[in-house]
Amino acid sequence: MSKTFSIGGIHPDDCKFSRDCPIEDFPIPKRVYISMNQHLGMPAVPVVKKGDPVRVGQLIAEPAGFVSAPVHASVSGTVSDVTPYPDFLGKKVLTVVIDTDGDQWEEGIDRSPEIRHEITSSPEDVFKRISESGIVGLGGAAFPTHVKLTPPEGMKPEYLILNGAECEPYLTADYRLMLEHGQEILLGGELMRRTLGAGVNGIIGIEANKPRAIELMRELTSKSLQWKVVPLKKRYPQGGEKQLIDAVLGRRVASFALPVSTGAIVQNVSTAYAVYEAVQKNKPLISKVLTVSSSDSSIQKNYRFRVGTPIMDILSHAGAMEKDGGLSPQFAKVVNGGPMMGKPVSNLEGPVMKSTSGLLLFTEKETKRKEPGECIRCAKCFEACPMRLQPYLLYQLALAGRTEELEEHRVFDCIECGCCLYTCPAHLPLLDQIRLARNASLKNKRKK
Amino acid sequence: MTSTLLYTVLSLSILGGLLAVILFFVAQKFKVQEDPRIDQVVEALPGANCGGCGFAGCRAFAEFYVNNPEATDYLCPVGGNEVMLRVAQMLGRDAREQAPKVAVLRCNGSCEILPRLNKYDGSPSCTVAADLYGGQTGCSYGCLGMGDCVKACQFDALVMDPDTCLPVVLEDKCTSCGACVKACPRNIIELRPKGPKNRRIYVTCANKDKGAVTRKVCSVGCIGCQLCMKACPFEAITITDNLAYIDPAKCRLCRKCAPVCPAGCIAEINFPPKKQETGNE
């Protein structure tokens, strides 16, 4: 009997077209744009300047505080500029631009494909390596991993949950990683489990639409006493941290509380893989797997890219660009991330980030939203909301700008999963307005 | 039957009378003393409640204006100097004349010039779009073209031009209340003095990028080349963050800056067509 979370949720078509495409190494780009703001928290501070030679894996930016992460060069070559550069959203972010020259790696990085099983590092060393390697939550939010592994005083984690739900349609990066690097993921999980102290159990949550991954992971954990695999029913947004804890353990995270208050810490399987590479192979986070997908069967790939590769390069390699540099006319929109929570790409020259999990191409017909009608109080959004909010009400309050009432109705609990928008029969832009109002009141709060 | 009716009517009338007497005395006791001039001033103001003066509405402005005799520099943008003069005379004080203003759009990136890079199909509102991402075009400073300013204008002084996807200010209707300035998430609408004979010169760009970056995304964007600054004999033009700004207080409308701008982003409004250059200069 598969488990799932108890409140809300929807069942979009899973559209995992690229599930059988093996991970390809993306060719090293001619130039990379490495953003200093690839994680939540304070942007990193560059330590290289224009003209400096760099090698792959070299530290190029230091964290600007505890809730921050360092950034490493993903290619070797020369720093051609340190300047604000528009990211994929077109917003200016301080960026280190590196012109590639060859592929020189920093010394001490183990690039061999053999898996290193024996764990020799002490938990303190593992923690230090994680924070030094710039590892952030690769599920999408990019929260620095070392911060997550430091629960506040008085909170004792009991479970480490590896998130292999990948509930977003289209995306298959985590799935392919589990199939091809299952052992490494488990090792990474084991390393993180040890940093959390004794008595922590490991759980891997995988949705039922990935039977091969469940099978493989079960086989790998069959001899382990600390690890087990929990198959989950296919349902969106199961990969959300709070939803996954509910699905796996049946515990709910209270409003404004940290997920660790329930005794569970959630890490994505890609993060576990990055931890393995950082600790066992001494390789900082400079590459990740992403899915390029569309309904066109020729453009369905899984790539391992270097951080900072321009989106345009990846799309043209996948065959979605015209020769003159424009997007193929059949596609109207590129989305960075999954179709539910991803954001539209407004600058194709912008780079991919540490946490980019997919680049999806949609045709005009697929992306077209229907004309919004009137709310008929059918409460479908309420039923779909996994946080038990009242999206129709929040929408009305947001339109009227009634900030205090929005806060009373827990607008800050919204996880922006988009279930309300997906389910609304009147096609109201519910999430658009809720997010806007929430951001506005967050800004106001900060001012105070 | 009749007696029930009678009693009801009687008791209710007595009760009503009693309450009326109580209310009369309460009203006398707790009477709020209000300056009668406030009502007169409100009467004289246009009553648009647009907030252009900086107060919550016409009444709030009137209360402030009446209670602060030293306030002379305030202007009701809708009524203009005429109304302010009348109000000031009513209160027996001077009103300093203020230059009338008008809203101008500091962007010229029409949809013919800026091809759309991607398709926005979310909520048709600039604020939502600006919150989400950098816009459909490469310029992260320019007009988003979804008309939040048009919706904010209560005087119908702004319309969207379907050909350029940019809003157009109708000068005679614009009261310079500033609602559009507040509505625009990109801050590209500015209130500028109308100028003598409604003539004015301003820079139609808000892009603060370096020249090369601006050039890449827009052919009519200010590239910060400083040619206009050098051409200006009155030092009215300053360049900050790669963007030229013409100070309306210093500008004498000599029109020397506009022809030198390589991007053609200095607008001259309401001038007669320029005479052919002669050998005088």
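Residues numbered from 1 in each chain as written. Chains lettered and ligands numbered in written order. Predicted model: local features only at pLDDT ≥ 70, side-chain atom pairs only at ≥ 80, totals over all residues.

**Student:** Provide a residue-level description of unusual backbone geometry, including the pertinent values.
**Tutor:** Residue P237 of chain A follows Y236 of chain A across a cis peptide bond; omega there is -5°. Among the structural elements, P237 of chain A can be located in the loop between β11 (227–232) and α5 (241–249). Positive phi values are uncommon outside glycine, yet R388 of chain A reaches one of about 50°. Mapped onto the fold, R388 of chain A is located in the loop between α9 (380–384) and α10 (391–400). Of note in the backbone geometry, N187 of chain B takes a positive phi value of approximately 55° without being a glycine. Looking at where N187 of chain B falls in the secondary structure, it is placed in the loop between α7 (179–183) and β4 (189–193). (Helix = DSSP H or I, 4+ residues; strand = E, 2+ residues; numbered from the N terminus.)

**Student:** Give me the sheet that holds strand β3 (residues 45–46) of chain A: which residues, what numbers.
**Tutor:** Residues and elements named next belong to chain A. Pairing is antiparallel across the open sheet formed by three strands, whose spatial order is β3-β5-β6. The open sheet is flanked by β3 and β6 (71–72), the only strands paired with a single partner. Pairing between β3 and strand β5 (residues 59–62): two bridges, direction antiparallel. The residue of β5 that forms the bridge with P46 is A61. (Pairing = 2+ DSSP bridges.)

**Student:** Outline the sheet that holds strand β17 (residues 358–363) of chain A, listing residues and values.
**Tutor:** Residue and element names in this part refer to chain A. Reading across from one edge, β1-β14-β13-β17-β15-β16 is the order of the six strands in this open sheet, with mixed pairing throughout. Only two strands of the sheet have a single partner each, and these edge strands are β1 (23–25) and β16 (343–344). Two elements, strand β13 (residues 287–293) and strand β14 (residues 301–306), share six bridges in a ladder whose sense is antiparallel. Bridge assignment links T291 to a residue of β14, and that residue is N302. Running over the sheet, helix α3 (residues 173–195) touches β1, β13, β14 and β17 and is turned about 125° from β13. (Contact = placed C-beta atoms within 7 Å. Axes fitted to C-alpha atoms, helices over the stretch in contact; angles between N-to-C directions.)

**Student:** Got a sec to walk through the packing of α3 of chain A against helix α4 (residues 211–221) of chain A? Specific residues and values, please.
**Tutor:** All names here are of chain A. The geometry of α3 relative to α4 is characterised by a closest axis approach of 9 Å and an angle of 10° between their N-to-C directions. For the element pair α3 / α4, the angle class is roughly parallel. Taken together, the residues of α4 that come into contact with α3 (itself represented by Y175, M178, L179, G182, Q183 and L186) are R212, A213, L216, M217, L220 and T221. (Parallel < 35°, antiparallel > 145°, perpendicular 65-115°, else oblique.)

Keep in mind these numbers describe shape, not what the thing actually does.
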